[in-house]
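As a plain string of letters, each chain reads:
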Amino acid sequence: MKVMVAVKRVVDYAVKVRIKADKSGVETSNTKMSMNPFCEIAVEEALRIKEAGRASEVVVVSMGGEQCVETIRTGLAMGADRGLHVITQDSSSLFPLAVAKLLQALVSSEQPRLLLLGKQAIDDDCNQTGQMVAGLLGWPQATFASKVSISDDKESVCVEREVDGGIETIQLQLPAVVTADLRLNTPRYATLPNIMKAKKKSIQRVTPEELNVVIGSDLEVLEVTEPPKRKAGVMVASVDELLDKLKNEARVF
Amino acid sequence: IDPSQASSALVIAEHGGGSVKNGSISAVAAAAAALGDSSPVTLLVAGSGGAELDAAIQHASSAHPAVLVARSPLLGQPLAEPWAELLVQAQKKGNYSHIFAASSSFGKDVLPRAAALLGVSPITDVTRTIDQHTYIRPIYAGNAMATVRFKGSGPCIVSIRATSFPAVPGLALTGNREEIYVMSSTGAIGKSKWIGLSSQQTERPELGAAKIVISGGRGLKSAENFELLEKLADKLGAAVGASRAAVDAGFVPNDMQIGQTGKIVAPELYIAVGISGAIQHLAGIKDSKVIVAINKDRDAPIFQVADYGLAMDLFEALPELVAKVPSKRL
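Residues numbered from 1 in each chain as written. Chains lettered and ligands numbered in written order. Predicted model: local features only at pLDDT ≥ 70, side-chain atom pairs only at ≥ 80, totals over all residues. Heavy atoms only, no water.

Heading Sequence similarities (unreviewed entry) of the UniProt record for chain B holds this comment: "Belongs to the ETF alpha-subunit/FixB family." The Subcellular location (unreviewed entry) comment attached to chain B in UniProt states, word for word, "Mitochondrion matrix". (UniProt positions renumbered as here; feature names shortened; annotations may be inferred.)

With an unreviewed UniProt entry as reference, chain A is termed Electron transfer flavoprotein subunit beta, source organism Selaginella moellendorffii. Quoted verbatim from the Function (unreviewed entry) heading of the UniProt record, the comment on chain A is "The electron transfer flavoprotein serves as a specific electron acceptor for several dehydrogenases, including five acyl-CoA dehydrogenases, glutaryl-CoA and sarcosine dehydrogenase. It transfers the electrons to the main mitochondrial respiratory chain via ETF-ubiquinone oxidoreductase (ETF dehydrogenase)." Regarding chain A, the relevant UniProt record gives this comment under Sequence similarities (unreviewed entry): "Belongs to the ETF beta-subunit/FixA family."

As recorded in UniProt, the feature "domain: Electron transfer flavoprotein alpha/beta-subunit N-terminal" (unreviewed entry) lies at residues 23-215 of chain A. Secondary structure across residues 23-215 of chain A comprises 30% helix and 30% strand; the distance between its end C-alpha atoms is 24 Å. (Helix = DSSP H or I, 4+ residues; strand = E, 2+ residues; numbered from the N terminus.)

The next thing to look at is the nonpolar core. Ranked by internal contacts, the top residues of the largest apolar core, which has 93 residues, are M63, L103 and L106 of chain A together with L43, V45, L87 and F100 of chain B. The greatest single-element share of this core, amounting to nine residues, is contributed by helix α3 (residues 96-110) of chain A. When residues no more than four places from it in sequence are discounted, the contact partners of L106 of chain A are M4, V61, M63, L84, V86, Q111, V206 and L211 of chain A. (Core = buried A, V, L, I, M, F, W, Y, C linked by side-chain atoms within 4.5 Å. Buried < 20%, exposed > 50% of the residue type's maximum accessible area, 1.4 Å probe, protein only. Contact = heavy atoms within 4.5 Å.)

All names here are of chain B. Between its first and last C-alpha atoms helix α4 (residues 105-117) spans 19 Å; for 13 residues at 1.5 Å apiece the expected length is 18 Å, and the two agree. Listed as buried for α4 are S105, F106, G107, D109, V110, L111, P112, R113, A114, A115 and A116. Just downstream of α4, G119 is the residue with a positive phi angle, here 75°. (Expected span 1.5 Å × (residues − 1).)

Scanning the entire structure with this criterion turns up two cavities of 30 Å³ or more. In this structure, the largest cavity spans a volume of roughly 110 Å³. Two domains each donate at least three residues to the lining of the largest cavity, and these are domain 1 (9-181) and domain 2 (212-324) of chain B. If you add up the space inside the second largest cavity, you get close to 30 Å³. Taken together, L242, L243, L246 and F253 of chain A together with I271, L321 and V325 of chain B form the lining of the second largest cavity. At three residues, helix α6 (residues 239-249) of chain A tops the list of elements feeding residues into the lining of the second largest cavity. Across the lining of the second largest cavity, the residue classes break down as seven nonpolar, no polar and no charged. (1 Å grid on protein atoms, 1.4 Å probe; cavity = no way out; pocket = protein on both sides within 12 Å on 5 of 7 lines; lining within 4 Å. Points joined across faces, edges and corners; volume = space filled by probe spheres on them. Domains from an automatic or database assignment. Nonpolar A, V, L, I, M, F, W, Y, C, P; charged D, E, K, R; others polar.)

Structurally, G277 of chain B can be placed in the loop between β16 (269-273) and α7 (279-282). Along the chain, G277 of chain B and G217 of chain B lie 60 residues apart, while their C-alpha atoms are 9.2 Å from each other.

Now for helix α2 (residues 68-78) of chain A. Buried residues of α2 of chain A: C68, T71, I72, G75, L76, A77 and M78 of chain A, and no others. Downstream of α2 of chain A by a residue or two, G79 of chain A has a phi angle that is positive, lying close to 140°.

In structure tokens, the structure reads:
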């Protein structure tokens, strides 16, 4: 069976972001970009499913401008077989609903039995795309997966999910959408031989028009601003001093 | 958006053990903040039926007389497929201008699916309402705030961060209790099956609502050492949380994780013990009133956000704290 993984290029998780002076967004030029950590975990899971003999092909897909190709190549270097790039003018206008519609169109032509995504992108922190594409496809969904087990007959998948109350276990009939949480796996590093091999793997380009999807948006970002700042704190020298401050200054006791 | 359409909100009332959850009560507060007190708010209380559901309906009705009830065996578990379909049907029937829910793991799972089925983009994890269609939400782990406006046709679907909207008691609005009948196993419904939930039983307050939270990180070094935190928590009537590192290391279960992708807390007092203060952890605690950090590494980033920092070995500090801290009533 075919597994499709959707990945996103985001500002690297370790970067301390700066907000643009005109409040139009966060500074991304001259900033280190990487594959979204949750997407890496999703790619890793797809590769493990293939290595366990449950899948025959792993296709990695990303949407946006030219730089997406770098992110797709990372997926290919990890071990995915083939890439798909939906080329759009401007990545910043791609809200989750548009991505979900594009994925729906790709799924309809590629016919994977499993669509894997990261649970959220660490830039917009939306945590919506997987759920939206599952709804559009009419597929069952398992979000925040911490364990994924495809049945021997490849007709269903058992997923453990991290939820507010603990770990929930559900079973879905395939085809299905699963979104990856932090502890699903630890992604592999791309080895140098695999990075070289990846250069020869194909990345097919397609436009939203070719997929019959109109990228509109019903959302507008009016401005991006600094969060409220906390005032500077102080160091205390002992437990006694801490308790005194908490009682008499902060008045929390 | 039709400005002449009167505003009305549907709020998903999550419930457990016969009462509506605090997060959903916060969602009602958010709906009132966005729409104004005169717009009707209907609570959706659903489940498979039975005494617990009836008690939850009572609880909802006691403060919010407009309650929409749905009973179906398909709604006995928190599966996204039937619940998203329920929202679609409720929307068809009630034609609400807004749908609100708490940004709990359930809200996160269901709301976007329902939004896609209704053909709209949801706005999730909102911390402030500006007007009916304009909301503020954190991005980049809370290091930036985005002001987002919904300009679509269709309901404005919003999930809210409960810690940003303190639960206010009863907005008594006129209305009645209605029942809607739900759907058969068509489409995606029936393709998912709930198997079980493993959770720890605890007498401690819920992390999202606790007035005091004590959290441990990798510095605790073992699961057994978390007992030191628990002793302190017991004395203070506090909830216990953890950093991602502590969960990854297996010291504590996942539902204690606080951070960008775990739970968000905003207690009066947050005590971080043996936690370095990674950006992703800070995302979960920034709205705490007072932050205390205990870490033997003076250079740990946590000290940059702490109101009071104690650079001391936690294995010395904790027993001393337990001995000296005043006992609190819960």
